[in-house]
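Fold and geometry: a report
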Amino acid sequence: GAVVSQHPSWVICKSGTSVKIECRSLDFQATTMFWYRQFPKQSLMLMATSNEGSKATYEQGVEKDKFLINHASLTLSTLTVTSAHPEDSSFYICSAYGQGLSPLHFGNGTRLTVT
Amino acid sequence: GIQVEQSPPDLILQEGANSTLRCNFSDSVNNLQWFHQNPWGQLINLFYIPSGTKQNGRLSATTVATERYSLLYISSSQTTDSGVYFCAADRGGNQFYFGTGTSLTVIP
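Residues numbered from 1 in each chain as written. Chains lettered and ligands numbered in written order. Predicted model: local features only at pLDDT ≥ 70, side-chain atom pairs only at ≥ 80, totals over all residues. Heavy atoms only, no water.

1. Examining the packing of aromatic side chains
Where two aromatic rings form a pair, the distance of their centres and the angle of their planes describe that pair. What counts, and what does not: Two aromatic rings, drawn from Phe, Tyr or Trp (for Trp, its six-membered ring), form a pair once their centres lie within 6.5 Å of each other, and the interplanar angle then sorts them: stacked below 30 degrees, edge-to-face above 60, tilted otherwise. Helical segments are the DSSP runs of H or I of at least four residues, strand segments are the runs of E of at least two, and each set is numbered from the N terminus. Each residue is placed in one exposure class: buried if its accessible area under a 1.4 Å probe, protein chains only, is under 20% of its type's maximum, exposed if it is over 50%, and partly exposed if it falls in between. Criterion for a charge above a ring: Lys NZ or Arg CZ within 6 Å of the ring centre, and within 35 degrees of the ring normal.
Under the defined criterion, the tally for this structure stands at seven aromatic pairs over all chains. When the centroid spacing of 5.3 Å and the interplanar angle of 80° are considered together, the rings of A:Tyr36 and B:Phe98 count as edge-to-face. Of this pair, A:Tyr36 sits in strand E4 (residues 32-38) while B:Phe98 sits in strand E10 (residues 96-98), on two different chains. Judged by relative accessible area, B:Phe98 falls into the buried class, the value being 9%. Consider the rings of B:Phe86 and B:Phe98, whose centres lie 6.0 Å apart with planes at 80°: the pair is edge-to-face. Placement of the pair is B:Phe86 in strand E9 (residues 83-90) and B:Phe98 in strand E10, with a sequence separation of twelve residues. Among the aromatic side chains, those forming a connected cluster through ring pairs are A:Tyr36, A:Phe106, B:Phe35, B:Phe86 and B:Phe98. The ring of B:Tyr69 has B:Arg22 sitting right over it, with the charged end atom 4.2 Å from the ring centre.

If you want it as structure tokens, here you go:
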């Protein structure tokens, strides 16, 4: 149980376009989802916390207008990278938390390459 | 967020050797998890261990919350143990902050 599905697993886009990444909890209701970013050979950095039905809370230094997060249902959160640039190329990973469930479960990540 | 430091940053082991990875955190935590990240980026849960000691096969972990550290023990290491090991700590609300990672290479 407690499966988190992330889609797509990889995406290549042109500079200036927007990309949407989906994170779904398949067998539980995720009251809270988290988005992380990982550059090559570095650690995972928490970008934002997403609660169902409310605005996301962004970590310091993360541009909320650049990284749009929507958590419209208890099983789906989306991250949209708007007007992507090559420096946005990274590995993005979501995780989800359901009431009474521990530990935290992660999706398999999305590798974004902006050309 | 809290600061999470791991040591050593890199480790090379001969197959069959034992090792200890350390995770220090700057504040009291509600939860702590250890992960193994494979070459494809997948995070594999190893332990959910806010306190105490747990064992799973050749791996075990101990967290001493009052002293703000956790240890991951790998015994009789195998080449498949290679990869990056992360600890992640949460002060509450499941906002996990990841450590700097230990890159482990096990050579045959």
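2. Thoughts on the sheet that holds strand E8 (residues 76-81) of chain A
All names here are of chain A. For clarity, the cut-off: Between any two strands, pairing holds if DSSP finds at least two bridges. Here, axes are lines fitted to C-alpha atoms. For helices the fit covers the stretch in contact, and angles between N-to-C directions go from 0 to 180 degrees.
Read from one edge to the other, the open sheet built from four strands follows the order E1-E3-E8-E7, with strand pairing classed as antiparallel. What marks the edges here is a single partner per strand, and that holds for strand E1 (4-7) and strand E7 (67-73). Averaged over all pairs of adjacent strands, the angle between strand axes in this sheet comes to 15°, irrespective of strand direction.

3. With respect to the interface of chain A and chain B
Often, the extent of an interface is quoted as the loss of accessible area on bringing the components together. The criterion, for reference: Residue contacts follow a heavy-atom distance rule, with two residues in contact if any of their heavy atoms lie within 4.5 Å. Here's the idea: put two parts together, see how much 1.4 Å probe accessible area each one loses, and the total over both is what we call buried area. Think of a salt bridge as a Lys or Arg side-chain nitrogen and an Asp or Glu carboxyl oxygen that are within 4 Å of each other. Identification of polar contacts relies on pairs of N or O atoms within 3.5 Å, with a donor-acceptor requirement for protein atoms, meaning one able to donate a hydrogen and the other able to accept it, and with residues adjacent in sequence counted only if both atoms are side-chain atoms. In this classification, Asp, Glu, Lys and Arg are treated as charged, Ala, Val, Leu, Ile, Met, Phe, Trp, Tyr, Cys and Pro as nonpolar, and every other residue, Gly included, as polar.
The interface is formed by 19 residues belonging to chain A together with 18 residues belonging to chain B. For the pair chain A and chain B, the summed buried surface comes to about 1500 Å²; carbon and sulfur atoms form 55% of the total. Remark: the boundary between chain A and chain B carries zero salt bridges. Across the contact surface, chain A and chain B share six residue pairs in polar contact (both at pLDDT 80 or more). Of all the elements in the fold, those that place two or more residues in the side of chain A that touches chain B are E4, strand E5 (44-51), strand E9 (90-97) and strand E10 (105-106) of chain A. Residues that form the side of chain A that touches chain B fall into these classes: ten nonpolar, seven polar and two charged.

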